[in-house]
Amino acid sequence: MPVLIDLACCVLALQSAPVAEHLVPIPLDGWGAAVTETTVPLPEGGAAAPGALVELARERELRDDRVVVVEPGRSVRLPLRGTGGPIRLRPGGTYECAWACGTPAPGTRPAVDLALRSVRDQRILWERPATGTDPPEGRWRRDHARFTIPGDAGPSLLDGVEFHVRHVGAKTDALHLDNLVLAEVVPDGAGVRTLFDGRTLEGWIGSRGGAQDAFVVRDGAIHCNPGATVGSNLFTEDQYEDFVLHLEFRLPPGGNNGIALRAPLEGDPAYAGLEAQVLDTIHPGYLTIKPWQTHGSIYGVAPARRGFHRPTGQWNRQTIRVEGRNVQVILNGATILDVDLDLAVEAGTLSGREHPGLRRRAGHVGFCGHGDPVSFRNIRLLELATDRPLSDRTTP
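Residues numbered from 1 in each chain as written. Predicted model: local features only at pLDDT ≥ 70, side-chain atom pairs only at ≥ 80, totals over all residues. Heavy atoms only, no water.

Looking now at the overall build of the chain. In terms of regular secondary structure, the chain is built from five helices and 25 strands. Approximately 17,000 Å² of the chain is accessible, and the part contributed by carbon and sulfur atoms is 52%. (Helix = DSSP H or I, 4+ residues; strand = E, 2+ residues; numbered from the N terminus. Areas by Shrake-Rupley, 256 points an atom, 1.4 Å probe, with all protein chains shown as cover.)

Rendered as structure tokens:
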């Protein structure tokens, strides 16, 4: 029997109590010859009306200049392919997918039926009918869903799987589809430790806990306090060299924060250490920011890909892997940054400023409060093996 999940259920599942699991991206490499992508130029900036500016920012954030076009009342089949051929999912495996969809005309909103079928026998492995709950705020959105492949689906999966997308709105404009992401939900393995107990800031140092401090605990999450008058940063007591950091974060409209990596306790973590940006880049106020200022970027050093946030106000999942000179950022199952720090600055930093923190081998993990009510929860870390003693890891 197919597994039926509507959008409301998906959102509830994704925003429920944190669990010890993370997303591992499944790289997709195009759709094959049967699917045609159409060039649709991105809208120009400079819209005057506030509503038009919001819509402009959303569209420029969520899609590229080439999209899959689905005409009203029609369907397309999108076979999932990797660099080695068809994607083969695991019977009993749990996955999350996400996609951007929209319409080219103002005043309309996308409505889409989505199903995952096996290529071999067209068995329905999962489907999500259109729910009629399209967000009222605009015609472009990023949708997310979670599903589990039936345990008896093994023979059906031998030739791969494909998404079937049907444009439900027969009297509306064409549907544009872009930036489909697929990831497997994987339980945390041995060695992953919890950095935040959900109740206190034990194990953390800096501006913490008090009514005037930059970070407080509320409802099982660490919140940046917009009314803070004492300090701005929160750091782990311990230092780390090579590690994998898993966490969830939630942004208010226009929210700005940062994740400190290999940082010292003194100085600006963006320069004295490394800072991975945390930013509501879909906000129209950030239309003209530099590429190295976008969410997931190593500030001033390496730009991340845009367009993979969940809607503002929802919880996002993120993994940051720092290993040697490489930093990788995975946002909601999409790899948005994978950079060699040495190669990134061969011609100088993108910010044009000195970043002595690039030479640090270890340091604290933390949050860089900028006064916006950004929240973090479900914070876990896996230390990766290193042969150097800590005394050698804390200095360039």
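Below, the discussion takes up the sheet that holds strand E20 (residues 274–279). As summarised here, the arrangement of the five strands in space is E14-E17-E24-E19-E20, forming an open sheet in which the pairing is antiparallel. Only two strands of the sheet have a single neighbouring strand rather than two, namely strand E14 (204–206) and E20. Across the sheet, the mean angle from the axis of one strand to that of its neighbour is 25°, orientation sign disregarded. Direction of pairing for strand E19 (residues 256–263) relative to strand E24 (residues 363–368): antiparallel, over a ladder of three bridges. Each residue of the ladder has a partner; that of Ala 260, found in E24, is Gly 366. (Pairing = 2+ DSSP bridges. Axes fitted to C-alpha atoms, helices over the stretch in contact; angles between N-to-C directions.)

This paragraph deals with the sheet that holds strand E4 (residues 75–79). What the four strands build is an open sheet, ordered E4-E11-E8-E9; its pairing is antiparallel. Edge strands, defined here as strands with exactly one partner in the open sheet, are E4 and strand E9 (124–128). The average undirected angle you get between the axes of adjacent strands in this sheet is 15°. Looking at chain direction, strand E8 (residues 112–118) and E9 are connected through four bridges and run antiparallel. Note that in E9 the partner of Arg 117 across the bridge is Ile 124.

In this fold, Ser 118 is placed in strand E8. Looking at Ser 118, the relative accessible area reads 0%, which means it is buried. Each C-alpha atom of the pair Ser 118 and Ser 156 lies 5.8 Å from the other, and the pair is 38 residues apart in sequence. Discounting chain neighbours no more than four positions away, the residues touching Ser 118 are Arg 123, Leu 125, Ser 156, Gly 160 and Val 161. Here Arg 123 takes part through its backbone nitrogen, which lies 3.0 Å from a polar atom of the side chain of Ser 118. (Buried < 20%, exposed > 50% of the residue type's maximum accessible area, 1.4 Å probe, protein only. Contact = heavy atoms within 4.5 Å. Polar contact = N/O pair within 3.5 Å; in protein donor to acceptor, adjacent residues only side chain to side chain.)

Let us look at the packing of aromatic side chains. For the coordinates displayed, the defined rule picks out eight aromatic pairs. Taking 6.3 Å as the distance between ring centres and 85° as the angle between the ring planes, the aromatic pair formed by Tyr 271 and Tyr 299 counts as edge-to-face. Taken together, the residues Tyr 271 in helix H3 (residues 269–272) and Tyr 299 in the loop between E20 and strand E21 (315–323) connect sequence positions 28 residues apart. Judged on exposure class, the residue Tyr 271 and its partner Tyr 299 are both buried. Relative to Phe 376, the ring of Phe 367 lies with its centre 3.9 Å away and its plane at 10°, an arrangement referred to as stacked. For Phe 367, a relative accessible area of 1% corresponds to the buried category. Pairwise contacts between aromatic rings join Trp 204, Phe 215, Phe 367 and Phe 376 into one cluster. Over the ring of Trp 315 we find Arg 377, and its NZ or CZ is 4.1 Å from the ring centre. (Phe/Tyr/Trp six-rings, centres within 6.5 Å; stacked < 30°, edge-to-face > 60°. Lys NZ or Arg CZ within 6 Å of the ring centre and 35° of its normal.)

To continue, consider the pairing of strand E10 (residues 140–148). Here E10 lies mainly inside the structure; seven of its nine residues are buried. One ladder, built from nine bridges, connects strand E7 (residues 94–102) with E10; its direction is antiparallel. Each residue of the ladder has a partner; that of Trp 99, found in E10, is Asp 143.

The next subject is the confidence of the model for the chain. Overall, the predicted model of the chain reaches an average pLDDT of 87, with 88% of residues at or above 70. Every residue in residues 1–17 is under pLDDT 50, and counting partners more than four places away or in other chains gives 34 contacts. A low-confidence stretch, residues 391–396 stays under pLDDT 50, and its non-local contacts, those more than four residues away or across chains, total 12 contacts. (pLDDT = per-residue confidence, 0-100.)

Here the focus is the state of the cysteines. Summed over all chains, the structure comprises zero disulfides. As a non-bridged cysteine, Cys 224 has Cys 368 as the owner of its nearest cysteine sulfur, 9.9 Å distant. (Disulfide = S-S within 2.5 Å.)

Now for the pattern of salt bridges. Taken as a whole, this structure holds 23 salt bridges when the rule is applied. Of the charged contacts, one joins Glu 96 and Arg 310 as a salt bridge, the two residues approaching to 2.9 Å between their closest N and O atoms. In this pair, Glu 96 sits in strand E7 while Arg 310 sits in the loop between E20 and E21, placing the two residues 214 residues apart along the sequence. Note on accessibility: Glu 96 and Arg 310 belong to one class, buried. Among the charged side chains, a network of salt bridges with common partners joins Glu 21, Glu 96, Arg 146, Arg 310 and Arg 317. (Salt bridge = Lys/Arg side-chain N within 4 Å of Asp/Glu carboxyl O.)

We now examine unusual backbone geometry. Here the phi dihedral of Asn 179 falls at roughly 55°; this positive angle occurs in a residue that is not glycine. With respect to the helices, strands and loops of the structure, Asn 179 is situated in strand E12 (residues 175–187). Judged by relative accessible area, Asn 179 falls into the buried class, the value being 11%. Residues other than glycine seldom take positive phi values, yet Arg 262 does so here, at roughly 50°. Relative to the helices and strands, Arg 262 is located in strand E19. Overall, Arg 262 belongs to the buried group, its relative accessible area being 2%.

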